[in-house]
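Spelled out, the chains give:
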Amino acid sequence: MKQLYVGLTGNEAVATAFKQARPHVAPAFPITPQTEMMHKFADFVADGAVATEMILVESEHSAMSAAVGSAATGARTFTATSSAGFALMWEVVYIAASLRLPICMPVVNRALSGNINIHNDHSDSMGGRDAGWIQIFCENTQEAYDTALMCWRIAEHKDVRLPVMVNYDGFIISHTSESLHILPDEDAWKFIGPKDLSNGYSLLDVENPITVGPLDLTDYYFEHKVSQMEAHLRAPKVILEVFKEFGELTGRHYDLFEEYRTEDAEMILVIIGSTAGTAKDVIDEQREKGVKVGLLKPRVFRPFPAVEYAKALGNAKVVGVMDKSVSFGGHGGPLFTEIRSALYGLENAPKIHNWIYGLGGRDTGTDQIVDLIGQLQNSIKGKKTEDVNLLGVRL
Amino acid sequence: MAMNLQTLSKNEDLLAGGHRACAGCTGSNILRQIMLTAGPDTVVGGATGCMEVVTTIFPYTAWKTPFIHSAFENCAATISGVETAYRALKASGELPVPREKMNFIAFGGDGGTYDIGLQSLSGAMERGHNMLYVCYDNEAYMNTGIQRSGATPFGAHTSTSPAGTVKQGKEQHRKDLTKIMVAHNIPYVAQTTPFHWRDLQMKVQKALEVDGPAFLNILMPCTVGWGFDPAIGMELCKQAVEANFWPLFEVVDGEYKLTYKPKEDRPLMEPWLKQQVRFKHLFKPGNEGMLVEIQRWVDSEFNKIMKLCGEA
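None of these values were measured; they are calculated from a predicted model.

What counts as what
- Residues numbered from 1 in each chain as written.
- Chains lettered and ligands numbered in written order.
- Predicted model: local features only at pLDDT ≥ 70, side-chain atom pairs only at ≥ 80, totals over all residues.
- Heavy atoms only, no water.
- Helix = DSSP H or I, 4+ residues; strand = E, 2+ residues; numbered from the N terminus.
- Buried < 20%, exposed > 50% of the residue type's maximum accessible area, 1.4 Å probe, protein only.
- Contact = heavy atoms within 4.5 Å.
- Areas by Shrake-Rupley, 256 points an atom, 1.4 Å probe, with all protein chains shown as cover.
- Lys, Arg positive; Asp, Glu negative; His and termini not counted.
- Charge placed at Lys NZ, Arg CZ, Asp CG, Glu CD.
- Core = buried A, V, L, I, M, F, W, Y, C linked by side-chain atoms within 4.5 Å.
- Buried area = accessible area lost by both parts, 1.4 Å probe.
- Salt bridge = Lys/Arg side-chain N within 4 Å of Asp/Glu carboxyl O.
- Polar contact = N/O pair within 3.5 Å; in protein donor to acceptor, adjacent residues only side chain to side chain.
- Pairing = 2+ DSSP bridges.
- Axes fitted to C-alpha atoms, helices over the stretch in contact; angles between N-to-C directions.

In terms of regular secondary structure, chain A is built from 13 helices and 15 strands. C-alpha atoms of chain A, sized along the principal axes, occupy 70 × 55 × 45 Å. Of all 395 residues assigned to chain A, the portion counted as buried reaches 58%. Within chain A, residue pairs in contact and separated by at least 24 positions form 81% of the contacts whose partners lie at least 6 positions apart. As presented, chain A carries roughly 15600 Å² of accessible surface, and 52% of it is formed by carbon and sulfur atoms. Charged side chains in chain A number 36 positive and 50 negative. The centres of these two groups are separated by 5 Å.

Written out as structure tokens, the structure reads:
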């Protein structure tokens with residue numbers, strides 16, 4: 001299939017993918033750095049490139065609420081947010097997943113207040129990791145575009161029916177022009193396809209009226225939560241099927257996580273998002289020097305593929321997990337605690353250390369990652385290294 | 001279509017019996033009356049609150065029309081999403097059952113409307129969705145245990161504004177939500193009560209017929225929160241209107257019109273207050289001034305409405 005090679009920012013690329021998905025409804029509220037994505041989408045609507053009904057709401061809380069109402073009719077629905085906007089819609093983010101509504105939402109990752117900061121870290125999405133959404137993180141504009149196409153097939157699949165967050169780094173990805181391949185509109189539509197309105201319950205079916213969101217007490221609530229858990233257990237198979245089909249179509253192959261030069265690696269870094277790209281450069285340099293270091297880049301953070309992580313990391317001597325968010329008072333960042341838990345009980349499990357980095361958009365340079373690899377080497381040699389460390393902070 | 005009892009009695013009852021509202025609740029009566037007029041091609045949204053809780057305890061539902069509850073403060077936004085999706089799916093020819101016109105009704109109590117849901121309501125009204133928002137105003141957060149709200153009248157005892165030895169109930173007058181809604185320049189706003197069933201039906205019908213958003217504020221005496229004999233809820237609606245505490249009027253495209261003309265020698269507030277435990281402390285020695293203030297406020301607010309209606 002012939003693809004188009006274009007230059008777009010992450011926000012423009014995601015807006016393009018969502019235009020190609022022909023959503024019925026899109027509630028929207030501005031917040032930096034997500035706004036540009038909705039500007040671009042509004043341009044598509046204004047120019048008749050897509051027939052989506054936008055609802056220009058008065059807050060993110062109402063954006064997610066309107067999305068819930070819309071999706072409960074069966075309409076293909078998306079919204080987008082960042083940081084404090086995500087925090088404001090928190091309550092309804094849980095409701096969207098609990099009602100099993102296949103809403104798609106870019107979360108253009110930005111630090112949470114306070115103090116107010118518009119730059120990138122992952123504290124917004126990581127704070128919402130228990131909300132019941134599928135969470136996929138992107139390293140660059142190409143991945144953001146591809147994920148924004150694939151998310152519909154995952155969310156709306158009858159075995160899943162869960163909302164999907166497409167996470168990409170504020171400014172670093174959202175506002176940086178990169179060259180990428182995009183599908184022609186018709187091919188994208190062929191891949192995504194129309195929303196199947198027959199496979200669910202619609203709030204507009206007045207001949208078969210349903211009650212959505214009832215009071216659910218001690219006698220049923222738990223079972224309903226289990227059904228959400230089971231949907232997450234079924235999701236990886238569907239995600240991999242969609243990734244595979246997309247790979248065959250475009251030549252871009254994805255997995256639950258990406259392994260970069262990990263074959264014989266003694267040290268493996270685990271990094272989410274754009275910093276993984278920086279780390280790949282460092283790893284290439286280190287490999288030239290004979291340092292056996294590789295990278296594992298999580299793509300799908302929820303559901304969390306623990307068994308696969310254990311397999312991928314189990315043969316390393318040491319694992320260095322980088323968290324661009326902090327769980328205050330916790331023993332390490334959210335990615336660290338998940339990975340460490342996945343490795344627990346393995347025979348000859350690797351050592352594992354955590355670095356909290358980049359909070360509030362603090363730049364993470366190659367020199368810092370080189371230094372971190374040095375610390376991992378010391379750990380292998382038996383030098384005492386803390387479980388949880390900081391990277392790039394003035395002390 | 002003119003509404004009369006005969007027509008209404010033939011319409012399907014879309015709120016099933018067996019819901020779990022209190023004996024003497026006037027709220028379920030309001031819902032039933034609205035649904036008799038709205039008919040089956042209606043999607044209903046409920047804010048968290050008494051009426052949502054008592055009609056939808058899983059695995060049961062009292063609703064014979066589609067119904068959605070999401071949260072406390074977002075009913076207007078939720079229904080705005082449903083209404084928008086209806087237009088989108090109608091345009092694309094994908095409605096599950098084709099309907100040229102459907103009704104979208106959001107309802108919430110005064111807590112969910114005057115207070116926590118005000119932003120969501122304001123946004124939905126300003127955006128011009130073709131929906132009706134109904135506030136069933138029982139003048140406090142009854143579902144959570146009778147806490148004061150922005151709709152609670154001055155002097156009322158509630159769980160969070162209790163009458164004690166130093167304080168004597170709520171210290172502020174209620175806000176005028178109906179006027180706030182008029183200020184949104186929407187095509188239809190009205191106040192009514194379930195006792196005045198003909199008035200209520202007429203207003204629901206007009207609200208659903210206008211092109212754009214409509215708002216109804218409906219007084220809902222609460223036997224538990226107000227503290228009265230469950231048999232007299234409707235009587236308290238009647239008296240609230242006759243005493244000018246809850247005037248019946250409508251505002252069509254900004255034009256106020258009284259729909260019930262009170263008598264010249266309207267009853268004072270005292271007899272109405274006396275029937276409710278929440279005002280019991282006002283009749284203790286030393287609180288005479290509060291009674292005077294309530295009467296002054298009611299007269300003053302009513303006169304403003306009369307002027308707006310061109311009756312003064």
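Let us look at the nonpolar core. Residues and elements named next belong to chain A. M64 and W133 are the most contacted members of the largest nonpolar core, which totals 128 residues. Look past the residues within four positions of W133 in its chain and what remains in contact with it is M64, V93, A96, A97, I103, M105, P163, V164, M165, H232 and R302. Listed in part, the 75 residues of the second largest apolar core include L149, I154, A231 and F301.

Every contact between the two is made by 40 residues of chain A and, on the other side, 46 residues of chain B. If you sort the residues of chain A by the area they bury against chain B, A:L204, A:V206 and A:L215 come out on top, with a joint share of 20%. On inspection of chain A and its partner chain B, the count reaches three salt bridges. The residue B:R87 makes a salt bridge to A:E53 at a minimum N-O spacing of 3.3 Å. Our count for the chain A to chain B interface comes out at 14 residue pairs in polar contact (both at pLDDT 80 or more).

Right, let's talk about the side chain of A:Q3 for a bit. Residue and element names in this part refer to chain A. Position of Q3 among the secondary structure elements: in the segment before β1 (4–8). The exposure class assigned to Q3 is buried, which follows from its relative accessible area of 15%. Excluding anything up to four places from it in sequence, Q3 contacts H181, I182, L183, P184, L249, T250 and R252.

Turning to the sheet that holds strand β5 (residues 188–192) of chain B, a few remarks are in order. Strand order in the open sheet formed by nine strands is β8(A)-β2(B)-β1(B)-β3(B)-β4(B)-β6(B)-β5(B)-β7(B)-β8(B), and the pairing between neighbours is mixed. Each edge of the open sheet is held by one strand with a lone partner, namely β8 (211–212) of chain A together with β8 (255–258) of chain B. Two strands pair when backbone bridges link them, and strand β4 (residues 132–137) of chain B and strand β6 (residues 214–219) of chain B are joined in this way by six bridges, in the parallel orientation. Across the sheet, residue B:L132 finds its bridge partner in β6(B), namely B:A214. Those strands touched by helix α4 (residues 75–91) of chain B are β1 (42–46), β2 (67–69), β3 (103–109) and β4 of chain B, and its axis lies near 175° from that of β3(B). Along the sheet, helix α8 (residues 197–209) of chain B makes contact with β3, β4, β5, β6 and β7 (249–252) of chain B, crossing β5(B) at roughly 165°.

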